[in-house]
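# Working through the structure, step by step
Single-letter residue listing:
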Amino acid sequence: MKRIMSIIAFVATMFVTLASCGQNGQQYNRPTCGGPGIGIDTVTAEANTLPWPVTDIELDSFYISLPEGWKLVDKFDNALNVMNGTIEDDLIKGPYVTIQVVDADGNTPETVVNEMVTGANAIARDDVDILGYTYKVCTYVEDAYNHILLVRKQSNKLIKFDIINSNTANPDIRSIINQLELK
């Protein structure tokens, strides 16, 4: 039943997406981001244009499906790292996403973004609506990669997507976001 509901939502939903700065994680090149709204795009795409998921991964707190070409890099109790590319000489080549679902424990998406702004020199961005959920957004640079962090709260859980070497204009990334289901 979850799969059928997911397919219905997948086909019936349209959503707004982001786009990161043009330097998408090139090592040793600082991004040339600046100004309000940089890294945010308002391109709208129909969900039925997204790649079909082919690989299912289940954790204690959530379930996710990945499009073709994506693979599991690391799996933890409440998070996983996935990618569509390679890691060579500690350099990530290709899109890479960390997906984390944790108990909110009184935290909100706003507190997560505020901590990133003060602790990691992130830049808070405008909220983004994806598939009927509002995400708090910040962008930051770590290890010479541009990151886009999306955070939302659902069922007293914080859901985080940390995206590098890509952005949510990428149909694969949108498909992954679309396929997340809490248990």
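The structure contained in this document is the topic of the report that follows. All of these numbers come straight from a predicted model, not from anything done at the bench.

Looking now at the sheet that holds strand β9 (residues 96-103). Spatially, seven strands are ordered β5-β6-β9-β13-β12-β11-β10 in an open sheet, and the strand pairing comes out antiparallel. Taken across any chain shown, the strands that pair with only one partner, and hence form the sheet edges, are β5 (71-75) and β10 (123-130). Ignoring which end each strand starts from, the neighbouring axes of this sheet average 25 degrees apart. Taken together, the eight bridges between strand β12 (residues 145-154) and strand β13 (residues 157-164) define a ladder with antiparallel strand orientation. By the bridge assignment, Val151 is partnered in β13 with Lys160.

Spatially, the three strands line up as an open sheet ordered β3-β4-β14, and their pairing is antiparallel. In the strand order of this sheet, the two ends are held by β3 (53-58) and β14 (181-182), each with one partner. Judged from the five bridges that link them, β3 and strand β4 (residues 62-67) form a sheet pairing that is antiparallel. Across the sheet, Pro53 pairs through a bridge with Pro67, a residue of β4. In the packing of helix α3 (residues 171-179) onto the sheet, the strands contacted are β3, β4 and β14, and the crossing angle to β4 comes to about 155 degrees.

About the cut-offs
- Residues numbered from 1 in each chain as written.
- Predicted model: local features only at pLDDT ≥ 70, side-chain atom pairs only at ≥ 80, totals over all residues.
- Heavy atoms only, no water.
- Pairing = 2+ DSSP bridges.
- Helix = DSSP H or I, 4+ residues; strand = E, 2+ residues; numbered from the N terminus.
- Axes fitted to C-alpha atoms, helices over the stretch in contact; angles between N-to-C directions.
- Contact = heavy atoms within 4.5 Å.

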